[in-house]
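As a plain string of letters, each chain reads:
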Amino acid sequence: MSYYVYDDKKIYYYETGSGHPLLLLHGNTASSKMFAQIAEEYSKSFKVILIDFLGHGLSDRLEIFPSDLWFYEAQQVIAFLRFKQYTDVNIIGSSGGAIVALNVALEAPDLVKKVIADSFEGERANETFTKNLLKDRKNAKNDPNAQGFYAYMHGQDWEQIVDNDTDAIIRHQKEIGAFFHNPLEELRCELLLTGSKEDSFMNSISDDYYERVYGDILKMIPKGIMHLFPKGDHPAIISNFRAFYDLSIEFLSR
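Caption draft 1: Summary view of the pattern of salt bridges. Scanning the model with the defined rule gives 15 salt bridges in all. Here R137 and D165 are joined by a salt bridge, their closest N and O atoms 2.9 Å apart. Of this pair, R137 sits in helix α4 (residues 127-140) while D165 sits in helix α6 (residues 158-175), and the two are 28 residues apart along the sequence. Assigned by exposure class, R137 and D165 land together as buried. With a closest N to O distance of 3.9 Å, K219 and D216 form a salt bridge. Of the two residues, K219 and D216 both sit in helix α8 (residues 209-220), 3 residues apart, roughly one turn of that helix. Given the relative accessible area of 70%, K219 is considered exposed. When salt bridges with common partners are traced through the structure, they connect E41, K44 and R242 into a single cluster.

Caption draft 2: Region of the structure containing the nonpolar core. Formed by 58 residues in total, the largest nonpolar core has its most connected members in I91, V104, V115, F120 and L191. For I91, the residues in contact, after removing those within four places along its chain, are L22, L23, L25, A101, V104, V112, K114, V115 and I116. Grouped together as the second largest cluster of nonpolar side chains are 25 residues, F46, L50, I116 and M153 included.

Caption draft 3: Focus on the pairing of strand β1 (residues 2-6). Bridge count between β1 and strand β2 (residues 9-16): 5 bridges; the pairing is antiparallel. Paired with V5 across the strands is K10, a residue of β2. Where β1 hands over to β2, the hairpin turn is made up of 2 residues, of which D7 adopts a positive phi near 55°.

Caption draft 4: Geometry of the packing of α4 against α6. At a minimum axis distance of 10 Å, the contact between α4 and α6 shows a crossing angle of 160°. On the basis of the axis angle, α4 is roughly antiparallel to α6. Crossing of α4 over α6 shows left-handed handedness. In contact with E127, T130, L133, L134 and R137 of α4, α6 contributes V162, D165, T166, I169, I170 and Q173. The residue inventory of the contact of α4 with α6, partitioned by class, reads 5 nonpolar, 3 polar and 3 charged.

Caption draft 5: Seen up close, the side chain of H26. Along the chain, H26 turns up in the loop between β3 (21-25) and α1 (36-42). Here the side chain of H26 touches A30 through a polar contact of 3.3 Å, landing on its backbone oxygen. The residues touching H26, leaving out its near neighbours within four places in the chain, are S31, S32, M34, F35, I51, D52, F53, H56, S94, G96 and G97.

Caption draft 6: Representation of helix α5 (residues 144-154). Those residues of α5 lying buried are A146, Y150, M153 and H154. The buried residues of α5 occupy one face: seen down the axis, they fall within an arc of 75°. Exposed residues pointing more than 90 degrees away from the buried face of α5 are listed as P144 and N145. Buried positions along α5 lie against α4 and α6. Put simply, D143 is the residue that caps the front of α5, since its side-chain oxygen is 2.8 Å from the backbone nitrogen of N145. Two residues or fewer past α5, G155 is found with a positive phi of approximately 105°.

Caption draft 7: Highlighting the sheet that holds strand β6 (residues 112-118). Strand order in this open sheet of 8 strands is β1-β2-β4-β3-β5-β6-β7-β8, and the pairing throughout is mixed. In the strand order of this sheet, the two ends are held by β1 and β8 (224-229), each with one partner. Recorded for the sheet is a direction-independent mean angle of 20° between the axes of neighbouring strands. Sitting on the sheet, α8 touches β6, β7 (190-196) and β8, and the angle it makes with β8 is about 170°. Of the strands in this sheet, β3, β5 (89-94), β6, β7 and β8 touch helix α10 (residues 241-253), which is tilted by about 155° from β6.

Scoring rules and cut-offs
Residues numbered from 1 in each chain as written. Predicted model: local features only at pLDDT ≥ 70, side-chain atom pairs only at ≥ 80, totals over all residues. Heavy atoms only, no water. Salt bridge = Lys/Arg side-chain N within 4 Å of Asp/Glu carboxyl O. Helix = DSSP H or I, 4+ residues; strand = E, 2+ residues; numbered from the N terminus. Buried < 20%, exposed > 50% of the residue type's maximum accessible area, 1.4 Å probe, protein only. Core = buried A, V, L, I, M, F, W, Y, C linked by side-chain atoms within 4.5 Å. Contact = heavy atoms within 4.5 Å. Pairing = 2+ DSSP bridges. Axes fitted to C-alpha atoms, helices over the stretch in contact; angles between N-to-C directions. Parallel < 35°, antiparallel > 145°, perpendicular 65-115°, else oblique. Left-handed = near helix turned anticlockwise from the far one by under 90°. Nonpolar A, V, L, I, M, F, W, Y, C, P; charged D, E, K, R; others polar. Polar contact = N/O pair within 3.5 Å; in protein donor to acceptor, adjacent residues only side chain to side chain. Arc of directions from axis to C-beta.

Structural measurements only, silent on function.
So, in C-alpha cells, the structure goes:
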C-alpha cells in the first residue's frame with residue numbers, strides 16, 4: 001500500500017491505469033472504497049488516483065475533525081499533487097468530495113484542469129440540510145445496511161468516524177458557513193455540476209434544490225455547465241453511474 005505524509009500523518013493513496021491523471025475524491029463518512037468499481041472503469045482511459053482523507057479508510061485517524069473540514073482535506077490533496085509533481089489534473093468529487101475538489105481548484109489553480117462536482121450542497125452550508133443530516137445519521141447508525149457500508153469503508157472504528165464527521169458538520173454550519181476561502185468567481189478551470197433530481201438529501205429541502213443552487217454558482221463562474229439526471233438518489237455518480245460515466249468522459253475529453 002502507498003502512503004504520503006501530511007501534517008505528520010500518513011494518507012493512503014492508490015493509482016491504477018495510465019494516461020492523463022484523474023483524481024476521484026470521496027464524500028463524508030465514505031472512503032476511496034466507494035470508487036472500487038468506478039475506478040476500474042475510468043482506468044481504461046485515465047491514470048486514476050484514489051485517496052482516503054485523514055480520519056478515513058486506510059489513512060491515519062484524527063481525534064477530532066476540524067470545523068473547516070473540506071478546506072483541510074483540500075490541503076491534503078494539494079500536498080499529494082505537489083508530492084507526486086502532478087499538474088493539469090482532472091478531478092471528480094462526490095458530495096463532500098465535490099466541495100474539496102472546488103477548494104483545490106480555487107487554492108491551487110495551476111494543478112487543476114477540469115472539475116466535476118457531483119451532488120453537493122452549494123456555496124454555503126444549509127441549516128435545514130444539517131438538521132436533516134443529524135436525523136439521518138442517527139437512523140443510519142442503527143440500520144444494519146448502513147452499518148455494513150460504514151464498516152466496509154473504514155473498519156471496526158466506523159462509528160467514531162461517523163460521529164467525528166457529524167460533529168464537524170455541525171460546528172462548520174454554526175461557526176463558518178462558507179465552504180470556500182476564495183470566491184467562486186476566481187475559479188479558472190472548466191466545471192461540470194451534476195446531481196440527481198430525485199436526490200433524497202436535497203429534496204428534503206426543496207424539489208428544485210440543485211436547479212437553484214447550481215444555477216447561482218453558474219452565474220458566478222466563467223466556464224461552467226450543469227447536468228441533472230432525472231432519476232437516481234445521492235450521489236449521482238453512484239445511482240446513475242453508466243450515464244454519469246458517458247457524460248464525464250465527453251466532458252473530460254473535449
